Amino acid sequence: MRVSDRESHSDPHNKELNKETMAAATKIVLSLLFFQLATTAYSIGVNYGTLADNLPPPAQVANFIKTQTIIDAVKIFDVNPDIIRAFANTGISLTITIPNGEIPGLTTLDGAKRYVAQHIQPFYPATKFKYILMGNEILHWGDAAQKNGLVPAMKMLYAALIQAGIKDVKVSTPHSLGIMLSSEPASAGRFRPEVIPILLDQLKFCRETKSPFIFNPYPYFGWSPQKENFALFRPNKGIFDQLTKKMYTNMFDNLMDAVFSACKAIGFTDVQFVAAETGWPSACEFPVCSVQNAVDYNSNLIKHVNSGKGTPLMPNRKFETYIFALFNENQKPGPMAEKNWGLFRPDFTPVYNAGVMRNQQGGALPGKPAGPVLTKPAHPHIPPGRPAKPGKHLGKPGKAATRPAVPVAGGKKWCVAKPGASPKALQANIDYVCSKGVDCKPIQAGGACSSGDLASKASFLMNSYYQANGRNNFNCDFSGSGLITTVNPSRGACAYKA
């Protein structure tokens, strides 16, 4: 008798057991399949900026991302209906950003409900909204009304979404690391005192609604020749945190853990993090921007994030991370770096291979930058470049007005006005610093620094602010008009702190 004949004459009870066994086996196989799919899901998204006059239509962009890349999440800097519509039924999650100026009008439920009805409901659920971001870097760039209205607007928008039956979209807001008072070592990460009340309210909201705390960690802005390998995920000796006894081998982890330490210091360790912007420009006026540096940073970042290794203080995690940016954008203002953050050119050809293309390994691909790469000597200051928004970049190295070239050993740094900064920008810096409680008497009549020109007066106060607020690179940002220097700018009785 054949095996099949034996089976056909077997006990019916055995047949039921076989069915149960097969069902159990099928369940196990499906569970393993779902587990594999979950563990191979990518944590990398991309910022889709549109400050260019040569970009392809949004529908083509959405199709390219879906069919040619491993990217499964996109973030935009507005609520452009054409882009929102283009991502409908693609399976790609979309994060949209409410313009900063809209915030005061969203602090009431009626205002938030109108906004949801106009900008969200017409596209939901065909477009897979993931996050709605209330403004962009409000605590860095926003005015008083925007800062004070930030969390109330988030709460009203969330309530409006729930009332509209939209329960799977989270509300948050992205911060620049200008909110940090200190970030090195990571265990010393702390928020600036003046932003803590707003952050406390926001973190409570995030905890209650299970929304992430979102910020923009840019190792590029912490670059120096000495830290280049550390910033680019290249082999380096690392930085040992004496307090936690943790070793850091890259700046991205250090920044993530610095924010974690800052959150922990005010009572929050249970809120998830999202890195909303990070990247590296492939070309600018200085060697810090190069195709190879951009390849090293972004490709190593992707591998690191998708490894699930996490950070020393947050191990075994995959942080949702959005690379800046999808395209080179030829109409972004500022220095060359501003136009060269993209992974792709407007014709969809890669500027370099960061490892986001399907069926393609990461590694350097010769790319054609949007401008020439000059070969000025590297300079230990935070380099130019940044997404198109107020400043956060510094220009080429140079001397501030009337300061002697006196190199100083011992790692001291000062903040001065960037050569070529406009009088309007310099005066705005003076007004801003004086409004923050910095002693402005030295530049006033009879003061030790009153005899200089506008640039030297602004430099003195910018440095005073920089030294008093943590001496982080971002403390010398001043909307792109500040410059970190290792040359002592003191002159006569006008002594700069260090």
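Residues numbered from 1 in each chain as written. Predicted model: local features only at pLDDT ≥ 70, side-chain atom pairs only at ≥ 80, totals over all residues. Heavy atoms only, no water.

A.B. asks: Go over the overall build of the protein chain, please, and point to the residues and values.
C.D. replies: Scanning the protein chain for helices and strands turns up 13 helices and 15 strands. Of all 498 residues assigned to the protein chain, the portion counted as buried reaches 51%. A separation threshold of at least 6 residues defines the contact pool for the protein chain, and within that pool the share at least 24 residues apart is 72%. Total accessible area on the protein chain is roughly 21,800 Å²; 56% of this is exposed by carbon and sulfur atoms. (Helix = DSSP H or I, 4+ residues; strand = E, 2+ residues; numbered from the N terminus. Buried < 20%, exposed > 50% of the residue type's maximum accessible area, 1.4 Å probe, protein only. Contact = heavy atoms within 4.5 Å. Areas by Shrake-Rupley, 256 points an atom, 1.4 Å probe, with all protein chains shown as cover.)

A.B. asks: Give me the nonpolar core: which residues, what numbers.
C.D. replies: One broad rule of soluble globular proteins: the nonpolar side chains tend to lie buried together. Formed by 107 residues in total, the largest nonpolar core has its most connected members in F213 and F273. Take this core: its biggest share by element is 9 residues, from helix α10 (residues 251-265). Of all hydrophobic cores here, the second largest spans 22 residues; its members include V433, I443, F460 and L461. (Core = buried A, V, L, I, M, F, W, Y, C linked by side-chain atoms within 4.5 Å.)

A.B. asks: I'd love a proper account of helix α5 (residues 109-119), names of residues and values included.
C.D. replies: G111, A112, Y115, V116 and H119 are the residues of α5 that are buried. The buried residues of α5 all sit within an arc of 135° when viewed along its axis, so they share a single face. Facing away from the buried side of α5 by more than 90 degrees, the exposed set consists of D110, R114 and Q118. Residues of α5 that are buried sit in contact with α4 (81-86), β3 (93-98), β4 (128-134) and α7 (144-163). (Arc of directions from axis to C-beta.)

A.B. asks: Please give an account of the state of the cysteines that cites residues and values.
C.D. replies: The final tally for this structure, using the stated rule, is 4 disulfides. In this model C449 forms its disulfide with C494; the gap between the sulfur atoms is 1.9 Å. Because the sign of the S-S torsion sets the handedness, a value of about 105° for the bond joining C449 and C494 places this disulfide among the right-handed ones. Taken together, the positions of C449 in the loop between α12 (423-435) and α13 (454-468) and C494 in the segment after β15 (482-485) put the pair 45 residues apart, joining distant regions of the chain. (Disulfide = S-S within 2.5 Å.)

A.B. asks: Describe the sheet that holds strand β13 (residues 320-324), naming the residues involved and giving the relevant values.
C.D. replies: Overall, parallel pairing links the 9 strands, which are arranged β5-β4-β3-β2-β1-β13-β12-β9-β6 in an open sheet. Every interior strand has two partners, whereas the edge strands, β5 (170-172) and β6 (174-176), have only one. Ignoring which end each strand starts from, the neighbouring axes of this sheet average 25° apart. For β3 and β4, the ladder comprises 6 bridges, and the chain directions are parallel. Note that in β4 the partner of S93 across the bridge is K128. Of the strands in this sheet, β3, β4, β5 and β6 are in contact with α7, which crosses β4 at around 155°. (Pairing = 2+ DSSP bridges. Axes fitted to C-alpha atoms, helices over the stretch in contact; angles between N-to-C directions.)

A.B. asks: Can you lay out helix α11 (residues 291-306) for me, pointing to particular residues and giving the numbers?
C.D. replies: Its 16 residues place the ends of α11 22 Å apart at the C-alpha level, agreeing with the 22 Å of an ideal helix rising 1.5 Å per residue. With respect to burial, α11 is a largely interior element, 13 of its 16 residues being buried. G308 occupies a position one or two residues after α11 and carries a positive phi of about 75°. (Expected span 1.5 Å × (residues − 1).)

A.B. asks: Hey, could you go over the environment of W141 for me, with residue numbers and the actual values?
C.D. replies: Mapped onto the secondary structure, W141 falls in helix α6 (residues 138-141). Taking the relative accessible area as the measure of exposure, W141 reaches 22% and is therefore partly exposed. The spacing of W141 and S479 is 338 residues in sequence and 9.0 Å in space, taken between C-alpha atoms. A polar contact is formed between the side chain of W141 and the side chain of E137, at a distance of 2.9 Å. (Polar contact = N/O pair within 3.5 Å; in protein donor to acceptor, adjacent residues only side chain to side chain.)

A.B. asks: Could you give me a rundown of the environment of N47, with the residues and numbers involved?
C.D. replies: Along the chain, N47 falls in strand β1 (residues 44-48). Relative accessible area serves as the criterion here: at 0%, N47 is assigned to the buried category. In sequence terms N47 and K75 are 28 residues apart; their C-alpha atoms lie 4.8 Å from each other. Excluding residues within four positions of it along the chain, N47 makes contact with K75, F77, A276, E277, Y322, I323, F324, A325 and L326. A polar contact of 3.0 Å, which involves the side chain of N47, links it to the backbone oxygen of A276.

A.B. asks: Hey, could you go over the pairing of β15 for me, with residue numbers and the actual values?
C.D. replies: Two faces, one strand: in a regular strand the side chains alternate between the faces of the sheet. What you see with β15 is no split at all: G482 and I484 on one side and L483 and T485 on the other are buried throughout. Both strand β14 (residues 414-417) and β15 contribute to a ladder of 4 bridges, which runs antiparallel. Looking at β15, one finds that C415 is bridged to I484.

A.B. asks: Could you give me a rundown of the pairing of β13, with the residues and numbers involved?
C.D. replies: Along β13, 5 of the 5 residues are buried, which leaves the element largely enclosed by surrounding structure. Burial along β13 is two-sided: the residues E320, Y322 and F324 and T321 and I323 are all buried. Direction of pairing for strand β12 (residues 273-278) relative to β13: parallel, over a ladder of 3 bridges. Paired with A275 across the strands is T321, a residue of β13.

A.B. asks: Describe the environment of N306, and please don't skip the residues or the numbers.
C.D. replies: Along the polypeptide, N306 turns up in helix α11. Among the residues examined, N306 registers a relative accessible area of 18% and is labelled buried. Considering only alpha carbons, one finds N306 and S43, 263 residues apart in sequence, at a separation of 6.0 Å.

A.B. asks: Any chance you could break down the packing of aromatic side chains for me, citing the residues and the numbers?
C.D. replies: Within this structure, the stated rule accounts for 24 aromatic pairs. With 5.0 Å between their ring centres and 85° between their planes, F64 and F344 make a pair best called edge-to-face. Here the residue F64 occupies a position in helix α3 (residues 58-68), and F344 occupies one in the loop between β13 and β14, the gap between them amounting to 280 residues. In terms of burial, F64 and F344 fall into one category: buried. Where F324 meets W341, the ring centres are 5.8 Å apart and the plane angle is 80°; that geometry is what we call edge-to-face. Pair noted here: F324 is in strand β13 and W341 is in the loop between β13 and β14, with a separation of 17 residues, a long-range link. When sorted by exposure, F324 lands in the same class as W341, which is buried. Through a chain of ring-to-ring contacts, three or more aromatic side chains come together here, namely F77, Y218, Y220, F221, F233, F252, W280, Y297, F324 and W341. (Phe/Tyr/Trp six-rings, centres within 6.5 Å; stacked < 30°, edge-to-face > 60°.)

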